Amino acid sequence: MTSTALLTDHYELTMLQAALAGGTASRRAVFELFPRRLPEGRRYGVVAGVGRMLDALDDFRFGDAEVDFLRREQVVDEATLEWLAAYRFGGDVFGYPEGEVYFPYSPLLIVEASFAEAVLLETLLLSIYNHDSAIASAASRMTWAAGDRPCIEMGSRRTHEEAAVACARAAYVAGFASTSNLEARRRHGVPSAGTSAHSFTLLHDTERDAFRAQVSSLGRGTTLLVDTYDIAEAVRAAVEVAGPELGAVRLDSGDLGLVASQVREQLDALGATRTRIVATSDLDEHAIAALRAAPVDGYGVGTELVTGSGHPTCGFVYKLVARAGADGTMVDVAKKSKDKISVGGRKHALRRLDEAGVAEAEVIGIGTPPEGDANDRPLLVPLVAAGEIVGREPLTQARERHLRSREELPIKARRLQRGGPAIPTVHQ
């Protein structure tokens, strides 16, 4: 086991030390992870990283190596080190399940434990949720714009190596069909795909030689990259080498809509009517939407996906919303700072749906669950119970949930133009 305990900020441990010394560390506390707003212009967000968070929580242990490091660096005192050495999270966690959509002030995660147990998790939870949900939110807009044409995640070379694995996972939750990243396949079961880059073509004396080598090794169903030199000549050579059974050609440059139309005409004239056209080259949701009228059969997305298509973080925060007083009675607490307001109290949430099953509002109950009718949908599920993880699920389940949740949204949620949340958030 590799400990995740030091994937945190220094002040989490100094707060712990002060709370232990002051006698407040054991007070019952309720923390909430939530967004105050959606990223500018977005109409909904997507929850991702839940499964990764549960794995990280499982490994949140201060072993000998971690304690020795903290002692050597004099980060906290001996009493705190002794407490950390015995640390095991024993509280309860409730949250929106992975793939669910969210809105401003949605209580995405509720942590109930002692202050000491819960405060240590802040940085770990936020780092996972802020990153993965940003990627999934961008990916959802892309797959909605693509319709029934598959999207391939291929951004590994545009981000940190570990972030690349998390990006592939989050994109799959939000509807991407596959990834180029093999570690995402090994670790998370995300389907992977890939054939060749321009360097493979340039390796050979002629483009036709490169195509022959690839088809001979990978079969006629492979995808040939046809824009290294002259596209029309490459398409002709590709069909001559592979025959009409050629699986696909990939376009990675130029006016993709125009070039795709020309290539489609050429493929059809050569008898390769079933050969697909895959478009890549700095695509985002807007570019994908612009290509809907073009004869493109799939999209490869890299840089824009792994950077959240302009919003690389969701702005989630983790705040104390209730805590026990000196007499043990729970007291609601909230931050009142300008532009950084939080709402005190333990939250409950449901999605209000109309008679046709279309989402109308995000309804947040404070202290008690909000009242709903027969088709309204509760949103919080148990993830950890008395320290035991109970919320693990297959990634395919999160993927299916996202598609269902997204389809509940009103039609304006599909719009890529800047706008406010697709539904309002109502506190009860």
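Residues numbered from 1 in each chain as written. Predicted model: local features only at pLDDT ≥ 70, side-chain atom pairs only at ≥ 80, totals over all residues. Heavy atoms only, no water.

Colleague: Looking at this structure, how should I read the overall build of the protein?
Modeller: Across its full length, the protein holds 15 helices and 19 strands. On the principal axes, the C-alpha backbone points of the protein span a range of 85 × 55 × 35 Å. Taking all 428 residues of the protein together, 53% fall into the buried category. Here the contacts in the protein between residues at least 6 apart in sequence split such that 73% fall between residues at least 24 apart. Looking at the protein as shown, the accessible area adds up to about 18900 Å², and 50% of this sits on carbon and sulfur atoms. (Helix = DSSP H or I, 4+ residues; strand = E, 2+ residues; numbered from the N terminus. Buried < 20%, exposed > 50% of the residue type's maximum accessible area, 1.4 Å probe, protein only. Contact = heavy atoms within 4.5 Å. Areas by Shrake-Rupley, 256 points an atom, 1.4 Å probe, with all protein chains shown as cover.)

Colleague: Explanation requested: the pairing of strand S1 (residues 28–35) in the structure shown.
Modeller: Residues in a regular strand point their side chains to alternate faces of the sheet. Burial analysis of S1 places seven of its eight residues in the buried class, which makes it a mostly covered element. Examined bridge by bridge, S1 and strand S5 (residues 109–114) share six bridges and lie antiparallel to one another. Bridge assignment links valine 30 to a residue of S5, and that residue is glutamate 112. Relative to strand S12 (residues 316–324), S1 runs antiparallel, the two sharing seven bridges. Within the sheet, the bridge partner assigned to phenylalanine 31 lies in S12 and is leucine 320. (Pairing = 2+ DSSP bridges.)

Colleague: Got a minute to help me understand the packing of aromatic side chains in this structure?
Modeller: Centre distance and the angle of the planes are the two values used to describe a pair of aromatic rings. All chains considered together, the criterion is met by nine aromatic pairs. Seen in terms of ring centroids, phenylalanine 60 and tyrosine 87 are 5.7 Å apart; in terms of plane orientation they differ by 75°. Their pairing is edge-to-face. Taken as a pair, phenylalanine 60 in the loop between helix H2 (50–58) and helix H3 (64–72) and tyrosine 87 in the loop between helix H4 (78–85) and strand S3 (92–95) lie far apart in primary sequence, 27 residues in all. Here phenylalanine 60 matches tyrosine 87 in class, with each residue buried. Ring geometry for tryptophan 83 against tyrosine 87: centres 5.5 Å apart, planes inclined by 45°, an arrangement best described as tilted. (Phe/Tyr/Trp six-rings, centres within 6.5 Å; stacked < 30°, edge-to-face > 60°.)

Colleague: Just to check I follow, could you spell out the pairing of strand S17 (residues 381–385) for this structure?
Modeller: Note that S3 and S17 share three bridges and pair antiparallel. Looking at the pairing, valine 93 lines up with valine 384 of S17. Bridge count for S17 against strand S18 (residues 388–389) is two bridges, and the pairing is antiparallel. Bridging from a neighbouring strand, valine 384 pairs with isoleucine 389 of S18. Between the end of S17 and the start of S18, which pair antiparallel, lie two residues, with alanine 386 showing a positive phi angle near 50°.

Colleague: Just checking my understanding: could you explain the sheet that holds S3 for this structure?
Modeller: Whether parallel or antiparallel, the strands of a sheet pair through hydrogen bonds between backbone atoms. Within the open sheet, the seven strands sit side by side as S13-S12-S1-S5-S3-S17-S18. Their pairing is antiparallel. Of all strands in the sheet, those with a lone pairing partner are strand S13 (330–332) and S18, marking the two edges. Contacts from H2 reach S5, S17 and S18 within the one sheet, and its direction differs from that of S17 by about 15°. Its contacts with the sheet put helix H6 (residues 122–146) on S1, S5, S12 and S17, and the angle it makes with S12 is roughly 140°. (Axes fitted to C-alpha atoms, helices over the stretch in contact; angles between N-to-C directions.)

Colleague: It is not clear to me how the side chain of aspartate 132 should be interpreted in this structure. Could you clarify?
Modeller: Here aspartate 132 lies in helix H6. Residue aspartate 132 is classed as buried on the basis of its relative accessible area of 0%. Separated by 2.8 Å, the side chains of aspartate 132 and histidine 131 make a polar contact. (Polar contact = N/O pair within 3.5 Å; in protein donor to acceptor, adjacent residues only side chain to side chain.)

Colleague: When you look at the pattern of salt bridges in this model, what are you seeing that I'm missing?
Modeller: In a structure, side chains of opposite charge can pair up when their charged atoms sit close to one another. The final tally for this structure, using the stated rule, is 23 salt bridges. A salt bridge links aspartate 132 to arginine 52; its shortest N-O distance comes to 2.8 Å. Of the two residues, aspartate 132 is situated in helix H6 and arginine 52 in helix H2; the sequence distance between them amounts to 80 residues. In this structure, arginine 377 engages glutamate 408 in a salt bridge whose closest nitrogen and oxygen atoms are separated by 2.9 Å. In this pair, arginine 377 sits in strand S16 (residues 377–378) while glutamate 408 sits in the loop between helix H15 (395–407) and strand S19 (425–427), placing the two residues 31 residues apart along the sequence. (Salt bridge = Lys/Arg side-chain N within 4 Å of Asp/Glu carboxyl O.)

Colleague: Could you clarify how one ought to interpret the environment of valine 363 in this entry?
Modeller: Turning to its location among the elements, valine 363 is positioned in strand S15 (residues 359–366). Judged by its relative accessible area of 0%, valine 363 falls in the buried class. Beyond its immediate sequence surroundings of up to four residues, valine 363 is in contact with His348, Ala349, Leu350, Arg352, Pro370, Val426 and Gln428.

Colleague: It is not clear to me how the side chain of threonine 201 should be interpreted in this structure. Could you clarify?
Modeller: Locating threonine 201 in the fold gives a position in helix H9 (residues 198–203). Since its relative accessible area comes to 1%, threonine 201 is described here as buried. Setting aside anything within four residues of it in sequence, one finds threonine 201 in contact with Glu207, Ala210, Thr228 and Tyr229.

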